[in-house]
Each structure stands twice: as C-alpha cells, then as structure tokens.
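Overview (structure and organization)
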Amino acid sequence: MLSPYRPFRRNSWRPALAAVAALFLAMPKPQGVLAQGTRMLRMPTVSRTHIVFVHANDLWIVGREGGEARRLTTGQGAETSPKFSPDGRWIAFSADYDGNTDVYVIPAQGGEPRRLTWHPGADIVQGWTPDGRAVLFQSGREAHPTANTKFFTVPLEGGLPKALPIHRALSGEISPDGRFLAYQEVGFWDPEWRNYRGGQAQPISVVDLETLDRVFTPWEGERQMSPVWSGGVVYYLSERDWATNVWSWDPRTGQERQLTRHADFDVKSLGAGGGVIVYEQAGYLHELDPASGRSRQLEIRVAGDMTWAMPRWHEVPATGLTNARLSPTGKRALFEYRGEIFTVPVDQGSWRNLTRSPGVADRHPVWSPDGEKIAWFSDEGGEYGLVVADQDGAHPRRIPLPEPSFFFVPAWSPDGKHLAFTDTHYRLWVLELATGKATLVDTDRFAHPERSMNPVWSPDSRWLAYARRLDNQFRAIFLYDLRTGGTHRLTDGMADAISPVWDASGKYLYFLASTDYGLNTGWLDMTSYDRPVTRSLYVVLLRADEASPFLPKSDEEKGAASDTAAARGGAGRGGGGGSGAAGRGSGGA
C-alpha cells in the first residue's frame, strides 16, 4: 500500500496509479428508506408462516408480516433461488460453495447446508415435488451440443438426479397435485430488454405429466416468465400491459386475470405458498392475496455485518481506469474509477482524488480549455447534475440540469463559457456557465446503440457540429449557431456522415462519410450482418467566398498574359470545389 504523499517519478504515473489506494466509506441510509425497510430483496419464497429471500447473496428469513429478518446463510459463495418444501420444514437453494453452482438444502430454522448435486454444470433450484421427497431443479447437463436446459429431480435424502420428460425448460413448478408442470421454455439473451416482442417472447407452457399433452396460457406476443402454482392456478409474470406484472391463468376454466398494475418498476420474481403470492418489485417484497387481488408492500429490515460495505482500501488497477483526459498543457491526466475522479501528474507531484464521494457516481470528467477548471456529472443528492470545480477539486459548484437523466461527456467551448453534452434520451444540450441555463439544441429521434450525436465546438465558440440520424437512418452533419439559435444541415443525407472535426482556422469542417452504409441502417435486422462499411474523409467549405483547397496550382512568371492564362486554366479545371457528400452539402451552412 502506497503512501498518498509518495512523489511520482518522471513518466511513472501509469504503474503508480495502478496502486493508488482509494478509500470508499459506507454511506448512511436516508431516513425515508429506513422507514420503508431494506431494499434489494430478491427471489422470495413463502410458507404458511415465513418468507425467505435473497439479499447480498445470502438467504434471509422473516415472518409473513415482515419486520426484522434473520440471516440463514453466510457462505462466501452466492446463495440464490430458495424454495420452501411443501411442509415448510426445508429450504432448497442453489449455491456455489465449492466453485460450482449446485443444489443444497437446509432446515427452515437454519443449519448446515447439505449438498444434493455434484455435476460441474450449474443446477438452479425450481421447487419441490408435491410429496416433498425430491427437489426440482434446472440444468444443462444433458443439453450438449445445444446448451439448452431441462428439469431434473433429486431426492432429498440424496441420490442420482432423474430427468423429467420435457425436452427444454428454463423455469417453472409442478402443480400441488403432481399432475401438471407449468414452465417457461426459453430464456433471454438480454433479460432487461423491457417489452421485448421478438422470437424469445413465448407463453407459459402447461404439460400434463401423465399424457404429455401441452397447452399454453393466453398470449399476445409478450414475454411470460417464472410460473408458480397456488390453489391449482398458474401465476406468472407477463409484459402484456408493457410493464412486467403478475397475471394468473386457471387451466380448469381458462380464466385469465391481471393481478398487479405496477407501471414504474417491473415485477422481477415471485413465489407462492401458504395461500398467498409474494413478489419482488422496486426492491421491496409485496404480498398478494390471490382471491381479492389486493397486494401490500412488506416492511422488512435486514441487519447484518455486511463486511463488503465496511470502509476499506481499494487498489485501483490500471485496466479499470476510464475516461482518460490530458490537461491542456499535458502536465496532468484525469481518470475516472468506480465513481471517483482522479488527477495524476506526468512528472512531479502526487495523485489526487478530487471527489472523495463514496456512494456517489461521479462521471465523465473534462478539463477546461485553460486547465484551471474541471467539469463532470455527479448524482449526489439523487439526480445527476453538472459539477465545475478548480483543477485541484476545490470550490465545487453544482449546477442542476433540466429533466434529470443520465448525461454523457461534457464538452467545453474554447472560450470556456459554455458546455455541450448529450443525455440518455438522445438529446443535445448547451449550458451557459455564467447563468446555469441549459438550452435544448436537438434530439436524435431514433434510438440506436451507436450514439453518434457527439458535439464538437468551432474554434470561435459560436458553432456546434454534430451528426444526427435522418428519417432514412443515414446520419447528416448539422451545425448549431449559438448566437442565433438556428440549426443548419450541411450534408444531403445521401451518404452516412459522422465524426465532424473543425479546421483550426475555422474555414473548413472535416468529417467521415460512407456511400455503402445502406444495408447497415437496420441494425436490429439480420440484413445488416456481415455488411462491411467503408468511409472516406470529406471536407466542407464553410464560406461561399472561400476558395477550394483542391484548386490546381501552377507556378508562372509574372505578367499580364501569364496571369490571364493561369486564371483561365484554374476556372476550367478547378471550379467544382469539394467532392462527394461534402460537395453536395456545402451550401447548407
């Protein structure tokens, strides 16, 4: 561990920063959070008297009414997917105690875990057989080479697992009478893709384990997930109303019901038992009465040693540093790591932690043009705002931003009076530092994983150049005039134009453009696969009276006849000015 006062040798800041020790302090919880109980409670399972859930990768148990929870497991490996046995005496769960995820059981009152599976693949607990003699789990042990998963049972007393006659299944449970199996057949390569309506979105399957006849829950193309049984009815998660909520379907009558109507945060997991449904939403656990459809948020308080949250020294690896920026003179460098902002000297002096703000995300630091200030985004107080401080971190000034969201990479104007940045809603903003006023410049109307609307300032600080997507999904170069508030389009949209760069003189604007980009516009479509894109460098003349840099030049002797001939030759060969996408769009500015 290095002393923070140890000087850096010349050109030694890279290895030295790798050993920088940053102190992360545990932040006290706001009173409002304490009043509502602990959050981040996951994967609930419920019996007649208790609820077991996952918090901080451990299992905890609490009474059905909530209150103070008691920890059941303390292993270094993660414990997940708990399930009460039908009689409430046992809890089955998955854990990676020995470097692999297997099935374990413990008594409901706590005790030493007993291992039931030993396969090198992951075994994920789903539930129990109705008689409580075996644990149902999901595994890919027989799926090679397809890597699909299916269901197995393993005896509570130990023994070899036995596969169920279902070829592919991801999550589900056996009905209380042992006759039916409700299950989700496939998983998602991006589970957090809200309101996905593609091929992985499937209904819940219900199979008769005697005849192997299969029926499906009602379905309109949405994702349906994680089915459980209660009273002969299947309860599951569905995105039918464009948010994940709890729905039910009765195989005997065919009746379908929507039981919850959360619109802010999705329901993430649920469990059934003791005549109720317990589900996870917004980090809390809720109890749902299936008969009345009423639900209530449970106040559950978790108190443990939580050693991972204790103040500690953390070594900063060189590979973890992001958003590197050199100061205007090149004497110091800026880095971001785990929500802290550091500056490091190239030669003399020591590193500095400018923020020292555990529990706060400080992002995207940038130097002012004169090197005296540093700006970054910080979510201190609960929402992101802009912070401007002296280069040593002193005298920070927080500027609130309109419509708080995630913001990206502020860009200083060369005169240091404005900052331009984008947000997660694909909007471009300009902020005047003197007044703190933020002005909306433009919005990219199409969501795309490749964010290219990155603002670039002109040398005189009057103009912003950026690339925005058009209706044809090609990008065009735009200019925003800070003085008039007007926007001008430079390129015609017949080529995909990106990455504008200003000439130091302000006479030209360079950018990259592609004329073979067409099939890549449908990035979510397979027609864009394996379609190479080539780009060329183009230039725009920003004034109508500016001569093209591509006009031919000829050395001639002085004299009226020679001057006339040179002018005639120049007009004949060089009058086109510019080329390609730039030549077609230069009149826009």
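Only a predicted model underlies this, so the values are computations on that prediction, with no experimental measurement involved.

**As for the pattern of salt bridges**
- Here the structure, examined in full by the defined rule, presents 34 salt bridges.
- One salt bridge in this structure joins Arg64 and Glu287, with 3.2 Å as the shortest N-O distance. Pair noted here: Arg64 is in the loop between strand S4 (58–63) and strand S5 (67–68) and Glu287 is in strand S25 (residues 284–288), with a separation of 223 residues, a long-range link. With respect to burial, Arg64 and Glu287 carry one shared label: buried.

**What about unusual backbone geometry?**
- Phi is positive for Ser226, close to 55°, though the residue is something other than glycine.
- Relative to the helices and strands, Ser226 is located in strand S19 (residues 224–230).
- When its relative accessible area of 24% is taken as the criterion, Ser226 is described as partly exposed.
- One non-glycine residue with positive phi stands out, namely Glu403, at about 50°.
- Among the secondary structure elements, Glu403 is positioned in the loop between strand S36 (397–399) and strand S37 (407–412).
- Among the residues examined, Glu403 registers a relative accessible area of 48% and is labelled partly exposed.

**Quick look at the nonpolar core**
- By size, the foremost hydrophobic cluster in this structure holds 17 residues, and its most contacted members are Leu386, Val388, Leu431 and Leu433.
- Going through the elements one at a time, strand S34 (373–378), strand S35 (385–390), S37, strand S38 (418–423) and strand S39 (427–432) are the ones with two or more residues in this core.
- When sequence neighbours within four positions are dropped, the list of residues in contact with Leu433 reads Leu386, Val388, Arg397, Ile399, Trp412, Gly416, Lys417, His418 and Leu419.
- If you look at the next biggest cluster of nonpolar residues, it comprises 15 residues, including Trp463, Ala497, Trp502 and Phe511.

**Re the pairing of strand S7 (residues 79–84)**
- A large share of S7 lies buried, amounting to five of its six residues.
- The pairing of S7 with strand S8 (residues 90–95) spans four bridges and is classified as antiparallel. Each bridged residue has a counterpart across the sheet, and for Thr80 the counterpart in S8 is Ser94.
- What sits between the antiparallel neighbours S7 and S8 is a turn of five residues, in which Gly88 has the positive phi angle 75°.

**A short note on the packing of aromatic side chains**
- All chains considered together, the criterion is met by 16 aromatic pairs.
- With centroids separated by 6.4 Å and ring planes inclined at 75°, the aromatic side chains of Phe93 and Tyr97 adopt a geometry described as edge-to-face.
- Judged by relative accessible area, Tyr97 falls into the partly exposed class, the value being 27%.
- Their ring planes at 70° and their centres at 4.9 Å tell us that Tyr97 and Tyr104 sit as a pair that is edge-to-face.
- For Tyr104, a relative accessible area of 3% gives the class buried.
- By way of ring pairs, the aromatic residues Phe93, Tyr97 and Tyr104 are connected into one cluster.
- Here the basic side chain of Arg141 rests over the ring of Phe152, its NZ or CZ set 5.5 Å away from the ring centre.
- Across the ring face of Tyr426, the terminal group of Arg451 is positioned such that the distance to the ring centre comes to 4.0 Å.

**Looking at the sheet that holds strand S14 (residues 162–163)**
- With respect to topology, four strands assemble into an open sheet ordered S11-S12-S13-S14, the strand pairing being antiparallel. Edge positions in the sheet fall to strand S11 (123–128) and S14, since each has one partner strand and no second.
- With two bridges connecting them, strand S13 (residues 150–155) and S14 associate as antiparallel partners. Opposite Phe152, over in S14, you have Ala163 as the bridge partner.

**A closer look at the environment of Ser230**
- Locating Ser230 in the fold gives a position in strand S19.
- Residue Ser230 is classed as buried on the basis of its relative accessible area, which comes to 13%.
- Between the C-alpha atoms of Ser230 and Gly271, which are 41 residues apart in sequence, the distance is 9.4 Å.
- The contact partners of Ser230, leaving out residues within four places of it in the chain, are Tyr235, Ala272, Gly275 and Ile277.

**Notes on the sheet that holds strand S43 (residues 475–481)**
- Across the sheet, which stays open at both edges, the four strands sit in the order S41-S42-S43-S44 with antiparallel pairing between neighbours. For this open sheet the edge positions go to strand S41 (456–457) and strand S44 (487–489), each flanked by a neighbour on one side alone.
- Bridge count for strand S42 (residues 463–469) against S43 is seven bridges, and the pairing is antiparallel. By the bridge assignment for S43, Arg469 is matched with Arg475.

The rules behind each value
Residues numbered from 1 in each chain as written. Predicted model: local features only at pLDDT ≥ 70, side-chain atom pairs only at ≥ 80, totals over all residues. Heavy atoms only, no water. Salt bridge = Lys/Arg side-chain N within 4 Å of Asp/Glu carboxyl O. Helix = DSSP H or I, 4+ residues; strand = E, 2+ residues; numbered from the N terminus. Buried < 20%, exposed > 50% of the residue type's maximum accessible area, 1.4 Å probe, protein only. Core = buried A, V, L, I, M, F, W, Y, C linked by side-chain atoms within 4.5 Å. Contact = heavy atoms within 4.5 Å. Pairing = 2+ DSSP bridges. Phe/Tyr/Trp six-rings, centres within 6.5 Å; stacked < 30°, edge-to-face > 60°. Lys NZ or Arg CZ within 6 Å of the ring centre and 35° of its normal.

As far as function goes, none of this settles anything; it's purely spatial.
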